[in-house]
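# An overview of the molecular structure
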Amino acid sequence: EQASNSSSHNEFLLLSFEDTRELQLLHFSLFLSIYLAALLSNGLIITAVACNHHLHTPMYFFLLNLSLFDLGAISVTIPKSISNSIRNTRAISYLGCAAQVFLLLFLLAAEYFLLTVMAYDRFLAICRPLHYGALMGSRACVKMAAAAWASGFLYAALHTGNTFSIPLCQGNVVEQFFCEIPQILKLSCMDSYLREVGVIVISACLFFGCFIFIVLSYVQIFTVVLRIPSVQDRYKVFSMCLPHLAVVSLFVSTVIFAYLRPPSISSPSLNVVAAVLYSVVPPIVNPLIY
């Protein structure tokens, strides 16, 4: 017990998926192929948008940012898990753990803010087409994307600083394949997690605020679309919105399943499934959707 407490100040032990070498190699090859697929698909989108002048429009500029966030998010968790699997270790340093928490929160929060901006972009394109050029100039787009990056950074800094300033006295074993805030809070001394409640309230307000904005944007978009007399034009407008709607649905549903499901349907294996759903699935599926 003393040994685990003294080492908990400089390293954490992550969940190991497997006990036998064969299963370790299976985990390694599966995660590596997932990671390479995400690198390739997001890399192709980034290259296509950057190199093709016809794609220098607000929609594709935001899509390029989305691919950067997805690439970053999957790079925070999977490579460490792969390298631990090869080296047959579970350890991650204290700083490495804090970096994982900060970077993943930063990239996921920024992605969600960006999806909100993209809903506004679709709303203007369909409901205010005459003002679209004036309102969504290149400077406005850069400012909106920068706001998403900056908001994600501030949110992650607040959350990470708060989590790692709480004293930990329940050992150093994190029941997840990467450092995740709920798992780290489980190691905290019981009376100190109340400080996290304030941050959770802020998170919930931001999450639902953006969600309501996206829903209201789409209510207005669909109202306009359903008034279009031509079926072909209606289909064309729908096809502009459906990829974004699918990406938002995937993001929101996986985050809700990971963090807002009732405690009655919670188990260590389900926690891992939930973490894979929100941290690994979107970076692979988003490029396919688009």
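Named according to an unreviewed UniProt entry, the protein chain is Olfactory receptor originating from Tinamus guttatus. Listed under Subcellular location (unreviewed entry) in UniProt, the entry text for the protein chain is "Cell membrane".

For the largest pocket, the calculated volume is near 1300 Å³. For the lining of the largest pocket, the secondary-structure elements that each account for two or more residues are helix H4 (94-127), helix H6 (138-164), helix H7 (181-185), helix H8 (194-226), helix H9 (231-259) and helix H10 (268-279). Looking at the lining of the largest pocket element by element, the count peaks at 8 residues for H8. Grouping the constituent residues of the lining of the largest pocket by class yields 31 nonpolar, 7 polar and 4 charged. Roughly 180 Å³ of internal volume is contained in the second largest pocket. In terms of lining, the second largest pocket is formed by 14 residues, of which the most central are His56, Thr57, Pro58, Phe61 and Ser138. Going through the elements one at a time, helix H2 (21-51), helix H3 (58-87) and H6 are the ones with two or more residues in the lining of the second largest pocket. Among the elements that take part in the lining of the second largest pocket, H3 stands out by supplying 4 residues, more than any other. For the lining of the second largest pocket, the residue count by class is 10 nonpolar, 4 polar and no charged.

All right, on to a nonpolar patch on the surface then. A cluster of nonpolar residues, Phe208, Phe211, Ile212, Val215, Leu216, Val219, Ile256, Tyr259 and Leu260, forms a patch on the protein surface that exposes about 780 Å² of accessible area. At 6 residues, H8 tops the list of elements feeding residues into the nonpolar patch. Mapping isoleucine 256 onto the fold places it in helix H9.

Bringing the environment of glutamine 24 into the picture now. Relative to the assigned elements, glutamine 24 resides in helix H2. Residues glutamine 24 and isoleucine 82, spaced 58 residues apart in sequence, show a C-alpha to C-alpha distance of 9.2 Å.

The next thing to look at is the packing of aromatic side chains. For the structure shown, the criterion picks out 18 aromatic pairs. Between phenylalanine 31 and phenylalanine 177, the ring centres sit 5.5 Å apart and the planes meet at 70°, which makes this aromatic pair edge-to-face. Residue phenylalanine 31 is found in helix H2, and its partner phenylalanine 177 is found in the loop between H6 and H7; the two are separated by 146 residues along the sequence. According to the relative accessible area criterion, phenylalanine 31 is buried, its value standing at 6%. Relative to phenylalanine 208, the ring of phenylalanine 207 lies with its centre 5.4 Å away and its plane at 90°, an arrangement referred to as edge-to-face. Residue classification places phenylalanine 208 among the partly exposed residues on the basis of a relative accessible area of 39%. Each residue in the set Phe31, Phe177, Phe178, Tyr259 and Tyr278 is aromatic and connected to the rest through ring pairs, giving one cluster.

Cysteine pairs can be covalently joined through their sulfur atoms, and such a bond is termed a disulfide. Applying the stated criterion across every chain yields a total of 1 disulfide. You can see cysteine 127 has no disulfide; the closest cysteine sulfur is in cysteine 241, sitting 8.5 Å from it. For the unlinked cysteine cysteine 205, the closest cysteine sulfur is that of cysteine 210, found at 11 Å.

Now for the side chain of histidine 27. Position of histidine 27 relative to the elements: it lies in helix H2. At 3.2 Å, the side chain of histidine 27 and the side chain of serine 81 are in polar contact.

Attention shifts here to the UniProt feature "transmembrane region" (unreviewed entry) in the protein chain. Per the UniProt annotation, the sites labelled "transmembrane region" (unreviewed entry) are residues 25-48, 60-79, 91-120, 200-225, 237-260 and 272-289. Structurally, residues 91-120 is divided into 90% helix and 10% strand, and its ends, taken at the C-alpha atoms, are 43 Å apart.

Here we come to the side chain of glutamate 180. For glutamate 180, the location among the structural elements is in the loop between H6 and H7. A distance of 3.2 Å separates the side chain of glutamate 180 from the side chain of glutamine 176, its partner in a polar contact. Among the polar contacts made by the side chain of glutamate 180, one reaches the side chain of tyrosine 259 at a distance of 3.3 Å. Apart from the residues lying within four places of it in its own chain, the contact partners of glutamate 180 are Val101, Tyr259, Ala275 and Tyr278.

Right, let's talk about the pattern of salt bridges for a bit. A full pass over the atoms with the stated rule returns 1 salt bridge. The shortest N-O distance in the salt bridge between aspartate 121 and arginine 122 comes to 2.8 Å. No difference in accessibility class separates aspartate 121 from arginine 122, as the two residues are buried.

Thresholds applied
- Residues numbered from 1 in each chain as written.
- Predicted model: local features only at pLDDT ≥ 70, side-chain atom pairs only at ≥ 80, totals over all residues.
- Heavy atoms only, no water.
- UniProt positions renumbered as here; feature names shortened; annotations may be inferred.
- 1 Å grid on protein atoms, 1.4 Å probe; cavity = no way out; pocket = protein on both sides within 12 Å on 5 of 7 lines; lining within 4 Å.
- Points joined across faces, edges and corners; volume = space filled by probe spheres on them.
- Helix = DSSP H or I, 4+ residues; strand = E, 2+ residues; numbered from the N terminus.
- Nonpolar A, V, L, I, M, F, W, Y, C, P; charged D, E, K, R; others polar.
- Patch = residues over 30% accessible without salt bridge, like charges linked within 9 Å, V, L, I, M, F, W, Y side chains within 5 Å.
- Areas by Shrake-Rupley, 256 points an atom, 1.4 Å probe, with all protein chains shown as cover.
- Salt bridge = Lys/Arg side-chain N within 4 Å of Asp/Glu carboxyl O.
- Phe/Tyr/Trp six-rings, centres within 6.5 Å; stacked < 30°, edge-to-face > 60°.
- Buried < 20%, exposed > 50% of the residue type's maximum accessible area, 1.4 Å probe, protein only.
- Disulfide = S-S within 2.5 Å.
- Polar contact = N/O pair within 3.5 Å; in protein donor to acceptor, adjacent residues only side chain to side chain.
- Contact = heavy atoms within 4.5 Å.

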